[in-house]
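Summary of structural features
Here is what each chain is made of, one letter per residue.
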Amino acid sequence: MVPDTLKSVSFIEKDTKRFPDTSGWAYAQFLYDTASDTFAPMGNDAKCGYACHTTVAAKDYIFTAIMITEIVLWKMPDDMSRKEILNKFRATVPAWQGNPNLVHKAFLFDENSRRGVGVYLWKNIEAAKQAHGPAFQDRIKSVFGASPEFQYFDAPIVLDNTAKQVIDSAA
Amino acid sequence: MKVIAANPAMMDAYRKGIPGNGKHFPDGSKIVKIEWTAKKNTESPYL
């Protein structure tokens, strides 16, 4: 694909002295109208962009993809065999393969503690939250009769010997 | 279709691991985003 008509031009700048009310950031977006060949501002001031960007306050108000590892853990039913559990895991593989934000996933099962675990490497936290919303939790509840517990970790450096690559967020 | 460009202050911050390392971008950090509608290039098989 190549560019067709211009839609918008946006600017973000940090100056803590000029924009003290918005953590130093100023945001501006101008929507382009092809028919009249003019730009119209989106909102009236820098606070409009700040309102949206507060959801990523932890990333200094900039939408930045930081890879994260998500661990989803729950208790398996006592009467479910290992084979049954693995078959249920296996059935979900194609759906996870279709998620472009999932880098890899490991399906884990511990026979002694009867714990099932999913370890995910995501391109960003938003994708993880989206994939594991109420619909996912309902599915785990109906298939395994358990409520999963979620843990999140930043994954700034990941090495993969099979793919022969190191993904370093600071590189 | 979007192009997102950042100035050297912003890029240097990213290379140092900001914001993943919990630190903040420095004053003078700038980003520009340009957005177009997309169309297929009928000439090139690549695009």
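Residues numbered from 1 in each chain as written. Chains lettered and ligands numbered in written order. Predicted model: local features only at pLDDT ≥ 70, side-chain atom pairs only at ≥ 80, totals over all residues. Heavy atoms only, no water.

Here we take up the nonpolar core. Soluble, globular proteins show a tendency: their nonpolar side chains are buried together. By size, the foremost hydrophobic cluster in this structure holds 18 residues, and its most contacted members are A:Trp74, A:Met76, A:Phe89, A:Tyr120, A:Trp122 and A:Phe144. For this core, the secondary-structure elements that each account for two or more residues are β4 (68-75), α2 (82-91), β5 (102-110), β6 (115-122), α4 (125-131) and α5 (134-144) of chain A. Counting eleven residues, the second-largest nonpolar core is a separate cluster that includes A:Ile12, A:Tyr50, A:Tyr61 and B:Met10. (Core = buried A, V, L, I, M, F, W, Y, C linked by side-chain atoms within 4.5 Å. Buried < 20%, exposed > 50% of the residue type's maximum accessible area, 1.4 Å probe, protein only. Helix = DSSP H or I, 4+ residues; strand = E, 2+ residues; numbered from the N terminus.)

With that out of the way, let us pick up the pattern of salt bridges. In a structure, side chains of opposite charge can pair up when their charged atoms sit close to one another. Summed over all chains, the structure comprises eight salt bridges over all chains. Ionic pairing is found between B:Asp12 and B:Arg15, a salt bridge with its closest N-O pair at 3.3 Å. Linking B:Asp12 with B:Arg15, this pair stays in helix α1 (residues 8-15), spanning three residues, or about one helical turn. For B:Asp12, a relative accessible area of 38% corresponds to the partly exposed category. Linked through salt bridges whose partners overlap, the residues forming this network are A:Arg82, A:Glu111 and A:Arg114. (Salt bridge = Lys/Arg side-chain N within 4 Å of Asp/Glu carboxyl O.)

Our focus in this paragraph is the side chain of B:Glu35. For B:Glu35, the location among the structural elements is in strand β2 (residues 30-39). Of note is the side chain of B:Glu35, whose polar atom sits 2.7 Å from the side chain of A:Ser8. In this structure, B:Glu35 is in contact with A:Leu6, A:Lys7, A:Ser8, B:Met1 and B:Lys2, ignoring residues within four places of it in sequence. (Polar contact = N/O pair within 3.5 Å; in protein donor to acceptor, adjacent residues only side chain to side chain. Contact = heavy atoms within 4.5 Å.)

Glancing now at the pairing of β5(A). All names here are of chain A. Direction of pairing for β5 relative to β6: antiparallel, over a ladder of eight bridges. Residue His104 lies in a different strand from β6, and its bridge partner there is Leu121. Counted between consecutive antiparallel strands, the loop separating β5 from β6 contains four residues, among which Arg114 sits at a positive phi close to 60°. (Pairing = 2+ DSSP bridges.)

Turning our eyes to something else, we now look at unusual backbone geometry. Going from B:Ile18 to B:Pro19, the amide bond is cis rather than trans, its omega being 5°. You can see B:Pro19 is positioned in the loop between α1 and β2. Within the chain, A:Asp37 stands out as a residue other than glycine whose phi angle is a positive 55°. Considering the arrangement of structural elements, one finds A:Asp37 in the loop between β2 (25-33) and β3 (38-41).

To continue, consider the interface of chain A and chain B. Often, the extent of an interface is quoted as the loss of accessible area upon association of its parts. The interface is formed by 27 residues belonging to chain A together with 27 residues belonging to chain B. It is A:Met1, A:Val2 and A:Lys14 that lose the most area in chain A upon contact with chain B, and together they represent 25% of the buried surface on that side. At the boundary of chain A and chain B, one finds two salt bridges. One salt bridge connects B:Glu35 with A:Lys7, and the closest N-O pair in it is separated by 3.5 Å. Linking chain A to chain B there are 13 residue pairs in polar contact (both at pLDDT 80 or more). It is strand β1 (residues 2-14) of chain A that contributes the most residues to the side of chain A that touches chain B, 13 residues altogether. Here the side of chain A that touches chain B is built from residues that sort into twelve nonpolar, six polar and nine charged. Bridge analysis of β1(A) against β2(B) gives nine bridges, and the strand direction is antiparallel. (Buried area = accessible area lost by both parts, 1.4 Å probe. Nonpolar A, V, L, I, M, F, W, Y, C, P; charged D, E, K, R; others polar.)

What follows concerns the sheet that holds β5(A). Residues and elements named next belong to chain A. Spatial strand order, β5-β6-β4-β7: four strands in an open sheet with antiparallel pairing. The open sheet has two edge strands, β5 and β7 (149-154), and neither has a second partner. Averaged over all pairs of adjacent strands, the angle between strand axes in this sheet comes to 15°, irrespective of strand direction. Judged from the six bridges that link them, β4 and β7 form a sheet pairing that is antiparallel. Opposite Ile71, over in β7, you have Gln151 as the bridge partner. Set on the sheet, α2 makes contact with β4 and β5; between it and β5 the angle comes to about 165°. Against the sheet, α5 engages β4, β6 and β7, with an angle of about 30° to β4. (Axes fitted to C-alpha atoms, helices over the stretch in contact; angles between N-to-C directions.)

Two aromatic rings are characterised by how far apart their centres lie and by the angle between their planes. Residues and elements named next belong to chain A. For the structure shown, the criterion picks out 15 aromatic pairs over all chains. Relative to Phe144, the ring of Trp74 lies with its centre 5.4 Å away and its plane at 40°, an arrangement referred to as tilted. Taken together, the positions of Trp74 in strand β4 and Phe144 in helix α5 put the pair 70 residues apart, joining distant regions of the chain. You'll find Trp74 and Phe144 in the same group, each marked buried. Taken together, the ring pairs connect Trp96, Tyr120, Trp122, Phe136 and Phe150 into an aromatic cluster. (Phe/Tyr/Trp six-rings, centres within 6.5 Å; stacked < 30°, edge-to-face > 60°.)

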